[in-house]
Amino acid sequence: MKKYSVFSLAREALRYHSGWERAWASPDPKAEYDTIIVGAGGHGLATAYYLAKEHGITNVAVLEKGWLGGGNTGRNTTIIRSNYLQPESAAIYEKARGLYEGLSQELNFNIMFSPRGVMMLCQTQHELRAMQRTAHANRLAGIETEMVSPERVKEIVPIIEIDGPRFPVLGGLWQPRGGTARHDAVAWGYARGASARGVDIIQQCAVTGIDRDASGVTGVQTTRGPIRCKKLCIVVAGSSGVLADMAGFRLPVESVALQALVSEPVKPCMDCVVMANTVHGYMSQSDKGEMVIGGGADGFNNYTQRGSFQHLEETVRALIETFPMISRLKMLRHWGGIVDMTGDRSPIIGQTPVPGIFINCGWGTGGFKAIPGSGWATAEMLAKGTPGTLAAPFSLDRFTEGRMIDESVAAAVAH
Amino acid sequence: MLILRCPYCGVDAEETDLAPGGEAHLTRHGPGSDDAEFRDYLFQRRNPRGVHFERWRHAFGCGKWFHAARCTQTLEVFGTYSAQCSEPPEEIMTAIRTRRPDWEMPA
């Protein structure tokens, strides 16, 4: 792997950029791997990267049915935060946020991490109390957040209207170290790092079946032929149910569409992320000047990667009350992704009923922010065969034991 | 926009008039059941990519619950039917088999 630096840039500038190498290799699949990871999104690629880097396991293939980072990794609104209520969630999301801080340097790939701050608005009395509770829980977990007054919210976000008739801003939970990152670059950076360490990333290779015998998994059938493996890790977000069906078990997961949209680009007007959970809308401004807006998920199962128009209308209608200036903006484009929702809105990282098959899924509407932590914890689990302290609470059997990690109402975020 | 015909009042209801109610025909386990059965009832879902049976409520219409058979991959609707049944009626199954000859009812 050639290092990217100001010197390599200068050198290439003098020879018409003819010396750059491909960021990652595209090898043909081998007949057998120690570990196969299905899904080359952020979580799958991060898992492969940390398997190679932290545990020295490089006989690994990452199989992807489409193109790298083309699913939810390239479709989210790029928000990074860790202000979760439950200690288990706070631990893994804070691990991820911490890793994001040094990720550009570590990967030698600019992921454009921008810790611009995340403001979660409190627009009802109930939400204000819930956020105060979260702020205390964050303090206990060592996560830097603070409750701020409506006047301070207005100071940080001047375009906001704090005296709205229906949903006045009563306060805010401010996480100054949260922010955004370039979502594609996160996938590309991890892919480059994993590929340089010997991991095979195989795109355009859909898994069509999972082979197993009495002792567990033996390999997968793919559109590029059968591949044998000792361990299999399914990291396919919205398609988790389909892969689980191939392996012969069911998951406590439902796949629904989640949408986002961007406005036409405007001059800089908001330099942090604002989340209005009561009205189901999040907004930040991209470096290009577009207002990036995310809303709530559809309520019914869907695999089409497109959602319902009325959800966009609902999101924008609600945001206009809090941000009157966006009422004159034109929508540039909108898109949908298929997210995998669990009953308690917390992810699943753990072993499955089939020996040798591991799963990482259920991130629902909030997977992007967790990519480094999730990959780190999943790699640890794959290397050791059992989940480590970060992953253990998120095991699949919590649904049998009733040991929920309830973020559906607790985090007061629109899931 | 998703449009479902309410089998009770006969209205072609738009998505905004309807409230989704999740997977249909779940076995409701009660007292005396073990942990795995409660898990299946409360959380475990088929989540198929293809033919799916769901509960819907005509929330901003007659207010009644009903069932719908739908394809989650194409958003095609095969039909709607009464809530007072524990499995899809024959005409719905025929409608599905006509358009999806390879489809089999999962166990």
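Residues numbered from 1 in each chain as written. Chains lettered and ligands numbered in written order. Predicted model: local features only at pLDDT ≥ 70, side-chain atom pairs only at ≥ 80, totals over all residues. Heavy atoms only, no water.

Novice: Sorry if this is basic, but what is going on with the overall build of chain A here?
Specialist: The number of helices and strands found in chain A is eleven helices and 18 strands. In terms of overall size, chain A behaves like a compact globule, its C-alpha atoms giving a radius of gyration of 21 Å where 415 residues would be expected to give roughly 22 Å. Buried residues in chain A amount to 60% of all 415 residues. In chain A, 75% of the contacts between residues at least 6 apart in sequence involve partners at least 24 apart. By element, 53% of the accessible surface of chain A is carried by carbon and sulfur atoms, the whole surface being about 16,400 Å². Taking the average place of the 41 positive charges on the side chains of chain A and the average place of its 39 negative ones, the gap between the two points comes to 5 Å. (Helix = DSSP H or I, 4+ residues; strand = E, 2+ residues; numbered from the N terminus. Rg over C-alpha atoms; globule rule 2.2 N^0.38 Å. Buried < 20%, exposed > 50% of the residue type's maximum accessible area, 1.4 Å probe, protein only. Contact = heavy atoms within 4.5 Å. Areas by Shrake-Rupley, 256 points an atom, 1.4 Å probe, with all protein chains shown as cover. Lys, Arg positive; Asp, Glu negative; His and termini not counted. Charge placed at Lys NZ, Arg CZ, Asp CG, Glu CD.)

Novice: I'm lost on the domain arrangement of chain A in this one. Help?
Specialist: How big an interface is tends to be stated in terms of accessible area lost as the parts join. Residues and elements named next belong to chain A. Splitting chain A by domain gives domain 1 (29-78 + 183-252 + 344-411) and domain 2 (112-177 + 255-341). Distance between the C-alpha centres of domain 1 and domain 2: 29 Å. Buried surface at the junction of domain 1 and domain 2, summed over both partners, amounts to about 1,400 Å²; 51% is from carbon and sulfur atoms. Summed over the three residues of domain 1 that lose the most area to domain 2, namely Arg75, Thr77 and Thr365, the buried surface amounts to 38% of that side. Along the contact surface separating domain 1 from domain 2 lie zero salt bridges. Between the two partners, domain 1 and domain 2, sit seven residue pairs in polar contact (both at pLDDT 80 or more). Taken together, the residues that form the side of domain 1 that touches domain 2 break down as seven nonpolar, nine polar and two charged. (Domains from an automatic or database assignment. Buried area = accessible area lost by both parts, 1.4 Å probe. Salt bridge = Lys/Arg side-chain N within 4 Å of Asp/Glu carboxyl O. Polar contact = N/O pair within 3.5 Å; in protein donor to acceptor, adjacent residues only side chain to side chain. Nonpolar A, V, L, I, M, F, W, Y, C, P; charged D, E, K, R; others polar.)

Novice: Before we go on, may I ask you to explain the environment of His183 of chain A in this structure?
Specialist: Residues and elements named next belong to chain A. Residue placement: His183 occurs in helix α7 (residues 183-196). Along the backbone, His183 and Asn72 are 111 residues apart, and their C-alpha atoms lie at a distance of 9.5 Å. Ignoring any residue separated from it by four or fewer positions in sequence, one finds His183 in contact with Thr73, Gly74, Arg75, Asn76, Thr78 and Phe368.

Novice: Which parts of the structure should I look at to understand the layout of surface pockets?
Specialist: Over the atoms rolls a probe the size of a water molecule, and its path tells where empty space is left. All names here are of chain A. Its volume calculated, the second largest pocket comes out at about 630 Å³. Forming the boundary of the second largest pocket are 31 residues, of which Ala297, Asp298, Gly299, Met341 and Arg345 lie nearest the centre. Looking at the lining of the second largest pocket residue by residue, the class counts come to twelve nonpolar, eleven polar and eight charged. (1 Å grid on protein atoms, 1.4 Å probe; cavity = no way out; pocket = protein on both sides within 12 Å on 5 of 7 lines; lining within 4 Å. Points joined across faces, edges and corners; volume = space filled by probe spheres on them.)

Novice: Can you walk me through the interface of chain A and chain B in this structure?
Specialist: With 23 residues of chain A at the contact, the number on the chain B side is 24 residues. Buried area between chain A and chain B, summed over both chains or domains, comes out near 2,100 Å², and the portion from carbon and sulfur atoms is 53%. Counting the surface chain A buries against chain B, the share from its top three residues, Arg250, Phe300 and Tyr303 of chain A, is 30%. In this assembly, chain A and chain B are joined by zero salt bridges. Summed over the shared surface of chain A and chain B, the number is eleven residue pairs in polar contact (both at pLDDT 80 or more). At the level of elements, α8 (240-247), β12 (253-263), β15 (291-301) and α11 (398-401) of chain A are the ones that each hand at least two residues to the side of chain A that touches chain B. Of the residues contributing to the side of chain A that touches chain B, the split by class is eight nonpolar, eleven polar and four charged.

Novice: Honestly, the sheet that holds strand β14 (residues 281-285) of chain A in this entry has me stumped. Any pointers?
Specialist: Strand pairing in a sheet relies on backbone hydrogen bonds. The paired strands run either parallel or antiparallel. All names here are of chain A. What the eight strands build is an open sheet, ordered β5-β6-β4-β13-β14-β15-β12-β16; its pairing is mixed. Since the sheet does not close on itself, it has two edges, and those belong to β5 (146-148) and β16 (331-342), each with one partner. Averaged over all pairs of adjacent strands, the angle between their axes in this sheet comes to 25°, without regard to strand direction. Here four bridges tie β14 to β15, and the two strands are oriented antiparallel to one another. Note on β15: the bridge partner recorded for Gln285 is Met291. (Pairing = 2+ DSSP bridges. Axes fitted to C-alpha atoms, helices over the stretch in contact; angles between N-to-C directions.)

Novice: Please explain α8 of chain A as it appears in this structure.
Specialist: Each α-helix turn comprises 3.6 residues. Residues three or four places apart therefore point the same way. Residue and element names in this part refer to chain A. Burial within α8 is extensive, with six of its eight residues counted as buried. Here α8 has its buried residues at Ser240, Gly241, Val242, Leu243, Ala244 and Ala247. If you follow the buried residues of α8, they end up packed against β1 (32-38), β9 (207-213), β11 (227-234), β16 and β18 (357-361). Looking one or two places after α8, you find Gly248, whose phi comes out positive at around 90°.

Novice: How do you make sense of the UniProt feature "domain: Rhodanese" (unreviewed entry) in chain A when you look at a structure like this?
Specialist: UniProt annotation of "domain: Rhodanese" (unreviewed entry) refers to residues 36-79 of chain A when read in the numbering used here. Its end C-alpha atoms 29 Å apart, residues 36-79 of chain A is made of 32% helix and 18% strand. (UniProt positions renumbered as here; feature names shortened; annotations may be inferred.)

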